[in-house]
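# Examination of the molecular architecture
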Amino acid sequence: MYKIVWLVVFFTVLIWSGIAPKSYLTWFLEVIPALIGLAVLAMTYAKFPLSRLTYAFILLHCCILMVGGHYTYAQVPLFDTFADWFGWSRNHYDKVGHFIQGFVPACIARELLLRLNVVKNERWRCVFVVSFCLAFSAFYEMIEWWTALVIGEDAEAFLGTQGYVWDTQSDMFMALIGSIVFLIFFRKWQDLSIQKTVQGE
């Protein structure tokens, strides 16, 4: 039942996001990581199912990508409203996306390290998780750069910089915060979810 609900939510948001987006090129570029993630999860589900908590956060990340793909990260209406309320000079939805880009990889990395018994010491495991998330964030920024070089003038909507000169650095900083927030507040919850998954295998 959980798998069915997960897939229904995923494809409902995916279909909605693909209906008259701001730009089909931007939509494709933003949604493709979610589709790749879905393919990886489908290939690994039978032999190595993840915990329900991890699947839930992956779904959340996918939905954030698809919403950003529909509106572009610089034009999500709710965050335009927030910008008006708080006097922000820009739409900060992209920062939510990069926070999740640290939060969710931290969740995935920690579960893999625990279940595969790669790093036994919890403190070193946290160091490794944070380092992995920063490396992943930096690599994604390079992907954005390379993509921007290829697509040229249409890159602004994909990058979502909105003229902010420190956008790349602040994106990586938000990913760092996301990974730390996960490790501080969600480790025990993840441990319980992993325990239930392992016992059910």
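As the structure is a prediction and not an experimental result, all values here were calculated from the model. (Residues numbered from 1 in each chain as written. Predicted model: local features only at pLDDT ≥ 70, side-chain atom pairs only at ≥ 80, totals over all residues. Heavy atoms only, no water.)

### Overview of the pattern of salt bridges
For the coordinates displayed, the defined rule picks out eight salt bridges. With a shortest N-O distance of 3.2 Å, Asp94 and Arg90 are connected by a salt bridge. Per residue, the accessibility class of Asp94 equals that of Arg90, and both read buried. A salt bridge links Arg110 to Asp191, with the shortest nitrogen-to-oxygen separation between them at 3.0 Å. Here the residue Arg110 occupies a position in helix α5 (residues 93-115), and Asp191 occupies one in helix α9 (residues 187-200), the gap between them amounting to 81 residues. (Salt bridge = Lys/Arg side-chain N within 4 Å of Asp/Glu carboxyl O. Buried < 20%, exposed > 50% of the residue type's maximum accessible area, 1.4 Å probe, protein only. Helix = DSSP H or I, 4+ residues; strand = E, 2+ residues; numbered from the N terminus.)

### Thoughts on the packing of α5 against α9
The interhelical angle for the contact between α5 and α9, taken along N-to-C directions, is 55°, at an axis separation of 11 Å. Taken together, α5 and α9 sit at an angle that is classed as oblique. Read as a crossing pair, α5 and α9 show a hand that is right-handed. Residues Cys107, Arg110, Glu111, Leu114 and Arg115 of α5 form the contact with α9, whose own contacting residues are Arg187, Gln190, Asp191, Ile194, Thr197 and Val198. (Axes fitted to C-alpha atoms, helices over the stretch in contact; angles between N-to-C directions. Parallel < 35°, antiparallel > 145°, perpendicular 65-115°, else oblique. Left-handed = near helix turned anticlockwise from the far one by under 90°. Contact = heavy atoms within 4.5 Å.)

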